[in-house]
Structure formats: C-alpha cells, structure tokens
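Observations on the model geometry
Residue-level listing of the chains:
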Amino acid sequence: MSEDKKAQAEKEKDPILGKALKLGLDLKGGTHLLLEVDSSQLDSNVSVKDAVDRAIEIMRNRVDQFGVAEPLIVRQGDKWIVIQLPGIKNPQTAKDLIGKTALLEFRIVNTSNEANKALDLFRDKGITPAQYREDPSAYPDIEAAMPQDASVFESKEDTNYYILDKAVLTGASLTNAKVEFGGQFGQAIVSMEFNREGARTFGGITERNIGRRLAIVLDGIVQSAPNIKSKIPDGKAIIEGSFNAESAKLLATVLRAGALPAPVKIIEERTVGPTLGDDSIKSGFMSALIGIVAVFAFMIGYYRASGVIADIALALNLIILMATMAYFQFTLTLPGVAGIALTLAMAVDANVLILERIREELATGKTARVAVDAGYQKVFWTIFDANITTLIAAIFLFQFGTGPIKGFAVTLSIGLIVSMFTAISVTKLIYDLLFKENLLLKLKI
C-alpha cells in the first residue's frame, strides 16, 4: 500500500471529533522518542548543556514547520531529550525529522589522477567510505593515494563513491528551502536560497569551476552532483533525487531549521497505536457524556422550566467551546477533556447561583420579571469573581505547564470565558424574549 493510501486509511479511521479537532498523543496516537546528544562529537567551545538547548530549539523549529500539532519536546537530565509527536505513527518519519543532523555542504568533485586511483583501490578492496573514515591508517595504500584535504563519500542515488575536496559552502548560509516540482519528469525537488554572502560565495564557486561537478552533501551522503554549466549569481540551487512530496518536504524542513550542533542517538522509541487512542477517546468522552446527561436531567428535574433554559446555555457552551478550539486549531488532549468537564461544572455552578437568587427574590413576593432582573443583577459579581480567579490560575498553568497541562489549561480558559457569556447573557436573553412574548407569566423554581 502506498504512503498516500496509508495516510488516507488512517484518516478514515479517525473519529468524527478527530476530523474537526487536532488530537493530542494520548487521543490520536503517535511516536514517543528518547534521544541522547552525542557529546563526543561536540565542538570544544560548546558545552553539553548548550548543545542540548540548541538541539531542542532546532528540533522544535523542525516539528513546528512540519506541521505536527501539540508536540512535547523537553530536556531530561544532562544530555537527553524526550519528544512526543501526535499523529506521527511512522517511527521512521519521526526519526528522519528529529534525528537528522542536517549538515549541508557543497564540495567540488575531485577528478584528479590521485582521486581516480583512490577510487579504484576502494572498489578493488571492497572498502566503504564509512569503514575508511573510522580508521584511515588501517588502509595506508588508500590513505597515501587520497588527494590532500579530500574526503570520500557515498552516493544516495547509486553505488558510486565520490572523492570530494573540502567544503566550499555550508547550509549555514541558507535563508530558505522549499519543495517545488520540476525536472524532466516533474518530480519533487528541494530549492534553496542563500543569503547575500552565501550567494556571492556560491557565484564565485560556480564561476571558477565551470565544467566541473559540484556535489551537494547532506549528513555525509552525496545527494546529487550536477555539472556546473555557468556562473549562478542569484544564490539559488536545487537538490534533485528520488524524492516524493513527503520526503522532499521533510528535507526542506530540516534544512530551514538548521543543523544540529551534534549527532543524536535514539535511546528509546515507542509508537502509541490508534487502538489506544480510540479507547482513550471512547472512555474519556463516555464519562464526560454521562456526567453531562446527569447534570442536564438534574437541572430540569429540580428547576423545571428554568432548568431547561440553563440546559440550553450549557449545550451552547459546549458547542461554542468546540467550535472555538476547531477554528483556532487548538489541540484536544485527554486532560483537555477533563478541562471541558470542569468548565461545564463551573457553568452549572453559575446557573445554580442565578436560579437560587431568583428563587429568593420570588419568595419576597416580587413578580417574575422583577425577580429575574434582580437575580441577575445581584449575582453577577459573585460569578465574575469565581470565574476570573479560576481563569488566572488557568493562564499560569498554560504559561508554565507543559504537554498535558497546557491542554487542560487551554480548554479550561476558553470554557470559562464562554460560560460567562452563556450563563449570564444567553440565559438572560432567553428570559427577556419569553417575557416580551408573554410566554412566561409565572415562574416556579
């Protein structure tokens, strides 16, 4: 099955709610990774701590640009990083996105007699570039044949090896990388643009080496090695290869975000399958649904017609909350479901305060219209104070919390604002309409 068909099949299996809202790792499933920064590969001027901070920043940029919703990327200990990617169920995609060092280099292909002799020795002895780089002194004949300041690399596209001169330009000069479709067969390619200094350098390189081949090397693998036909002064280049749209997008993403300060090793990887996600959704929403139905029934049974009005406000509260989260593309997590349940509880509490106050006003002999107006007026600041203090707490949870805590804080914050509107404005509007049309002459609570 093709990747596109697999993605479509996964999408069709998502619950209806998942098609309207972005779901977190606990609801949708995804990939969990534990990474270790290889401190042995660090530059001597960079600490372990700084490298991890830089790696987290770059990984977060990659994930954000790739479009993963509600990722969790946090430090664990001195050199470990925990990453959770909701919706990414293919571990290889996650590893390519996160673990790729993304060191981009441009090197001139060395075609000297020494280089050709060294390549012959590699082929005759069956030695790979990786084996040679591990211990060049173990192969003194090859080491002696290698041109000065040159290195050997494997090709992504074929079994050929390349002897390349030292890097003349790196990805540090890139300002943009994006997916385009072109080439002879309209295949996906990655186009790149350099900054002013990089464009000037690239123009000089291409001008001095017309007729030679310029290898584009990513993480030690030659992606392509096109012939330089003329000077390229506009600071633009492309990487061609056997890309599909997804792999080209992945490469463009990591190039834009920049190279990691050191390689990372995957210590642990887990895939949270869709079955777990579906079970979490069903159990979480079933408990919330039971609670909502019980509250609706209680309000009608205890407050009669006024309970129906309160239930209308509660239903509208839930609809507006979900619509707001879908519109702003917030991510719903299982703690977020708990936040929804707490929001509805706060909304019920506001309606109970209003109705009890109206009951007290009716007991003094006031008419229904006067009792409703007085009830809303006297209870407003009590409801406002209760909601505003909870909202402040929710804001702090969002600001300083991570992962699931943020999900809880988002739904709670939106829900509190919405509940203030529905509990006070919407219910009061319904009462006013009923009084205006003479549909509510007496009120029993």
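Presented here is a report on the structure given in the accompanying data block. (Residues numbered from 1 in each chain as written. Predicted model: local features only at pLDDT ≥ 70, side-chain atom pairs only at ≥ 80, totals over all residues. Heavy atoms only, no water.)

What follows deals with the pairing of strand β13 (residues 236-239). Across the two faces of β13 the burial differs, with Ala237 and Ile239 buried and Lys236 and Ile238 not buried at all. Where strand β10 (residues 187-194) and β13 come together, four bridges link them in antiparallel fashion. Pairing of Ser191 across the sheet is with Ile238, part of β13. (Buried < 20%, exposed > 50% of the residue type's maximum accessible area, 1.4 Å probe, protein only. Helix = DSSP H or I, 4+ residues; strand = E, 2+ residues; numbered from the N terminus. Pairing = 2+ DSSP bridges.)

Attention shifts here to the sheet that holds strand β11 (residues 214-218). The strand order β7-β6-β12-β11-β5-β8 describes an open sheet built from six strands, whose pairing is mixed. The open sheet has two edge strands with one neighbour each: β7 (161-164) and β8 (169-170). Its contacts with the sheet put helix α6 (residues 113-125) on β6 (151-155) and β7, and the angle it makes with β7 is roughly 145°. (Contact = heavy atoms within 4.5 Å. Axes fitted to C-alpha atoms, helices over the stretch in contact; angles between N-to-C directions.)

A few words now on the environment of Phe408. Along the polypeptide, Phe408 turns up in helix α15 (residues 404-436). By relative accessible area, which is 21% here, Phe408 ends up partly exposed. Spatially, the C-alpha atom of Phe408 lies 4.9 Å from that of Pro335, the residues being 73 residues apart in sequence. Residues in contact with Phe408, not counting those within four places in the same chain, are Thr333, Pro335, Gly336, Ala338, Gly339, Leu342 and Leu397.

Bringing the nonpolar core into the picture now. In terms of nonpolar packing, the biggest core is built from 27 residues, with Ile358, Val372, Ile383, Tyr431 and Leu443 touching the most fellow members. Secondary structure elements with two or more residues in this core: α11 (274-303), α12 (305-327), α13 (334-363), α14 (368-400) and α15. Sort the elements by how many residues they give to this core and α15 lands first, with seven residues. With residues up to four places along the chain from it excluded, the contact list for Ile383 reads Ala350, Leu353, Ile354, Met420 and Ile424. In terms of nonpolar packing, the next biggest core, distinct from the first, is built from 26 residues, Leu169, Ala188, Val190 and Ile228 among them. (Core = buried A, V, L, I, M, F, W, Y, C linked by side-chain atoms within 4.5 Å.)

Before going further, it helps to examine the sheet that holds strand β3 (residues 72-76). Strand order across the open sheet formed by four strands is β3-β4-β2-β14, with antiparallel pairing between neighbours. Of all the strands in the sheet, just β3 and β14 (264-272) have a single pairing partner and so form its edges. The average angle at which neighbouring strand axes cross in this sheet is 15°, direction not considered. Along the sheet face, helix α4 (residues 48-66) touches β2 (30-37), β3, β4 (80-86) and β14 and points at about 170° away from the line of β3. Its contacts with the sheet put helix α5 (residues 91-99) on β2, β4 and β14, and the angle it makes with β14 is roughly 145°.

The next point concerns a nonpolar patch on the surface. There is a patch of nonpolar side chains on the surface, built from Met286, Leu289, Ile290 and Val293 and spanning about 390 Å² of accessible area. Within the element layout of this structure, Ile290 appears in helix α11. Its relative accessible area of 53% is what places Ile290 among the exposed residues. (Patch = residues over 30% accessible without salt bridge, like charges linked within 9 Å, V, L, I, M, F, W, Y side chains within 5 Å. Areas by Shrake-Rupley, 256 points an atom, 1.4 Å probe, with all protein chains shown as cover. Salt bridge = Lys/Arg side-chain N within 4 Å of Asp/Glu carboxyl O.)

This part takes up the pattern of salt bridges. Under the definition given, this model contains 17 salt bridges. Of the charged contacts in the structure, one is a salt bridge between Glu361 and Lys366, with a shortest N-O distance of 2.5 Å. For Lys366, a relative accessible area of 33% gives the class partly exposed. The shortest N-O distance in the salt bridge between Lys428 and Asp373 comes to 3.0 Å. With Lys428 in helix α15 and Asp373 in helix α14, the pair connects residues that are 55 residues apart, well separated along the chain. A relative accessible area of 32% means that Asp373 is categorised as partly exposed. When salt bridges that share partners are traced, they join Arg357, Glu360, Glu361, Lys366 and Lys378 into one network.

The quantities given are spatial measurements derived from coordinates; they are silent on function.
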